[in-house]
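# Descriptive structure summary
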Amino acid sequence: MLDFFPALFCVLDHQHRLVHVNKGALHLLGYYPSEITGLPLQQLLIEDDLHRTLAALKDLIGGVTRPGFVTHFRHKDGTPVPLSFYASVNRANNHIYGIGQRVPFADAGHQPAGNTIGLVKEVPAAELQVNASFDIISWNDAAEKLLEKSGAEISGSKFWSLLPTLQQSAFQRLLEQAMQQQSAVAFEFFSPILHQQWIEVTAFPAHGNLTLFIRNIHERKQSENELWKLSLIARETTNLVVLTDGQGDINWVNDAFVRVTGYTQEEAFGEPLASLLSGPETDNATSLQLQQCMKNGQPFRGEILQYDRLGKKLWLEMQCQPYKDETGKVEQFFSIQTNITQRKEFEEQLHLELKQRQRTITRATIEAQERERSLVSQELHDNVNQVLTTIKLYNELCLTGIDQKNELLRKSVELLQQSINEIRSLSKRLSAPTLGKFRLRDSVKELTDSIAATNRLQISTDLKLLNEIEVPQELHLAIYRILQEHFTNILKHSSAQDVQVGFEMVNDELVLKVRDDGKGFNTAELSGGIGIANMLTRAESLKGTLTLNSAPGLGCVLLASFPQTAWAANGSLNEA
């Protein structure tokens, strides 16, 4: 937007140094913006206008409201360029925002000279000359067109009759003062008569008269309004906004940049964007990629770890866009940076929690394996090994020809059967249910029956839902192992007498519910044992959830819920 603006737009810091210049500098003054960015404004002014212009800017900063004024810039080729200059001050940082529009002279001199009766008709702005009484004494074709008056209507008229909006206004007094003092003046006003358009008037003294250049600037004012909106966004946005020259050196930053990084405008000015905020842990590859994109005039987008002025880490999501002149040369880079430090810290915390969770799962798996091995060893040593030792003793006695040989052989057969039963029971506890042969209902029924057979628990079941649903093998095994682990905990810790096991469908989720009447516990004081960790892991591996609700003296309720994606992946509800 700034580069297509048909005038000179510039931003001056409190030392009158150019911190931003648009492409109007090339069109009006012959300079690329990168050539004059950073220079003091006085280096671009002709000596005759230097003191007056700096005094006007000083008044602005001091709070004095001024109309636009005419000043002469020095073109790159040395010739003076008259500009009507309008400026305002941003009180947040005392930066001056200036807009300069070329005064439409027929030549490039300081002001019209000689008798202006023969003014050049081709001058694009409306041009009028008035005498000391403000009678119109000459005009051009553009004046007739702008004022929508014929030459006969203009001839001999008072200037105020053509633009009555100015009569009895502050602008009339400005023009009268310019006539008396034979000085230049410029101002803008909104004319309800000329199709409700914004009009610019620039007046120059000419041998006791005034030459007035009048121009319709409605489009420019609309552009200025858009420009004001953009500058407001740049100032007020929470994003960091940075402008650099074609080499990537900073020439302007917004208030958010100052607030987030701690660097002032002056400290950032002239520093390379790619390295100003770099630090010990800045990724060299990303930094080099940014530098290479700026060198080649290419856009850049990426996340990079930076550091503020105090050395605190600062994660930024950066987007850089080059602006090129008509020849393809990069004049500036426009960079918008979003502070994503909080998001990055959250992601890092989440990553650490996941790593900790993975370590917990790994430890639980290893301890579970060791526990199973210890169980196998204990069962084989305490039961099967003792029985086999007795059988061996009986057989040795039979070989000696003892009289009770038949009785010993009978007892050996009974003990062998006992060993077979022990090994079968141990195998069943350690291995997965025979998934290929049994449905989930059958596996749950077999598990609860085997526990009830110990006469340590009274178990009631509600398995009607399992008659209607088929579940994938992975879910089948997960539910079986959760039940197996939970019953182990009930038998070891709860002192319960009655246990209820049931399944239900809630919002397309398969829910396992196990309630016991044991002594209960405080869930806030759960130690996070291996058994509970294993149950949680099995549920979460299928995108399910598992909760334990309990309180001292109130028993315990286990709820394990599995979404439809888990139970319906390879299973289905039977319609029959």
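Computed from a predicted model, the values in this text were never measured in an experiment. (Residues numbered from 1 in each chain as written. Predicted model: local features only at pLDDT ≥ 70, side-chain atom pairs only at ≥ 80, totals over all residues. Heavy atoms only, no water.)

## Here we look at the sheet that holds strand 5 (residues 95-102)
Judged by pairing direction, the sheet is antiparallel, and its five strands sit side by side in the order 2-1-5-4-3 without closing on themselves. Because the sheet does not close on itself, it has two edges, and the strands there are strand 2 (18-21) and strand 3 (69-74). Neighbour-to-neighbour, the strand axes of this sheet turn through a mean angle of 35 degrees, independent of strand direction. Sheet topology note: the strand 1 (residues 8-12)/strand 2 ladder contains three bridges and is antiparallel. By the bridge assignment for strand 2, leucine 12 is matched with leucine 18. The strands that helix 3 (residues 47-61) touches are strand 1, strand 3, strand 4 (80-90) and strand 5; relative to strand 3, the one it contacts most, it runs at about 130 degrees. (Pairing = 2+ DSSP bridges. Helix = DSSP H or I, 4+ residues; strand = E, 2+ residues; numbered from the N terminus. Axes fitted to C-alpha atoms, helices over the stretch in contact; angles between N-to-C directions. Contact = heavy atoms within 4.5 Å.)

## So, empty space enclosed by the protein
Summed over all chains, the structure comprises one cavity of 30 Å³ or more. The calculated volume of the largest cavity comes to roughly 50 Å³. If you trace the largest cavity, you find it lined by Asp13, Arg17, Val19, His95, Ile250, Asn251, Trp252, Val253, Gln265, Glu266 and Phe269. Elements with a contribution of two residues or more to the lining of the largest cavity: strand 12 (250-253) and helix 10 (265-268). Of all the elements, strand 12 adds the most residues to the lining of the largest cavity, at four residues. A class-by-class count of the residues in the lining of the largest cavity yields five nonpolar, three polar and three charged. (1 Å grid on protein atoms, 1.4 Å probe; cavity = no way out; pocket = protein on both sides within 12 Å on 5 of 7 lines; lining within 4 Å. Points joined across faces, edges and corners; volume = space filled by probe spheres on them. Nonpolar A, V, L, I, M, F, W, Y, C, P; charged D, E, K, R; others polar.)

## A short note on the confidence of the model for the protein
For the protein, per-residue confidence averages 81 on the pLDDT scale, and residues scoring 70 or more make up 85% of the total. Predicted confidence is poor over residues 569-576, with pLDDT under 50, and the contacts of this stretch with residues over four places away or in other chains come to 17 contacts. (pLDDT = per-residue confidence, 0-100.)

## A few points about the packing of helix 15 (residues 440-452) against helix 16 (residues 473-494)
Where helix 15 meets helix 16, the closest approach of the two axes is 10 Å, and the angle between their N-to-C directions is 15 degrees. The orientation of helix 15 with respect to helix 16, classified from their angle, is roughly parallel. Helix 15 and helix 16 meet at a crossing whose hand is right-handed. Residues Leu440, Ser443, Val444, Leu447, Thr448 and Ile451 of helix 15 form the contact with helix 16, whose own contacting residues are His476, Ile479, Tyr480, Leu483, Gln484, Phe487 and Leu491. Of the residues assigned to the contact of helix 15 with helix 16, the class counts are nine nonpolar, four polar and no charged. (Parallel < 35°, antiparallel > 145°, perpendicular 65-115°, else oblique. Left-handed = near helix turned anticlockwise from the far one by under 90°.)

## A word on the packing of aromatic side chains
As enumerated under the stated definition, the model contains seven aromatic pairs in all. The interplanar angle of 35 degrees and the centroid separation of 4.8 Å between the aromatic rings of phenylalanine 134 and tryptophan 160 together place this pair among those described as tilted. With phenylalanine 134 in the loop between strand 6 (126-130) and strand 7 (136-139) and tryptophan 160 in helix 6 (residues 159-162), the pair connects residues that are 26 residues apart, well separated along the chain. What makes phenylalanine 134 buried here is its relative accessible area of 4%. Residue classification places tryptophan 160 among the buried residues on the basis of a relative accessible area of 8%. Chaining the aromatic ring pairs together yields one cluster made of Phe134, Phe159 and Trp160. Above the face of the tyrosine 32 ring, lysine 329 is positioned so that its terminal group lies 4.8 Å from the ring centre. (Phe/Tyr/Trp six-rings, centres within 6.5 Å; stacked < 30°, edge-to-face > 60°. Buried < 20%, exposed > 50% of the residue type's maximum accessible area, 1.4 Å probe, protein only. Lys NZ or Arg CZ within 6 Å of the ring centre and 35° of its normal.)

## What to know about the side chain of aspartate 245
Tracing the backbone shows aspartate 245 in strand 11 (residues 240-245). Buried charge without a partner: aspartate 245 forms no salt bridge, and the closest opposite charge is lysine 329, 10 Å away. Side-chain polar atoms of aspartate 245 contact the backbone nitrogen of glutamine 247, separated by 2.9 Å. Excluding residues within four positions of it along the chain, aspartate 245 makes contact with Ser34, Asn251, Glu331, Gln332 and Phe333. (Lys, Arg positive; Asp, Glu negative; His and termini not counted. Salt bridge = Lys/Arg side-chain N within 4 Å of Asp/Glu carboxyl O. Polar contact = N/O pair within 3.5 Å; in protein donor to acceptor, adjacent residues only side chain to side chain.)

## Focus: the pattern of salt bridges
Enumeration over the complete set of coordinates arrives at 16 salt bridges. Between arginine 410 and glutamate 407 there is a salt bridge whose closest N-O contact spans 2.2 Å. Taken together, the residues arginine 410 and glutamate 407, both in helix 14 (residues 405-430) and three residues apart, mark about one turn of the helix. On the accessibility criterion, arginine 410 (38% relative accessible area) is partly exposed. A network of salt bridges, in which partner residues are shared, links Glu303, Arg343, Lys344 and Glu347.

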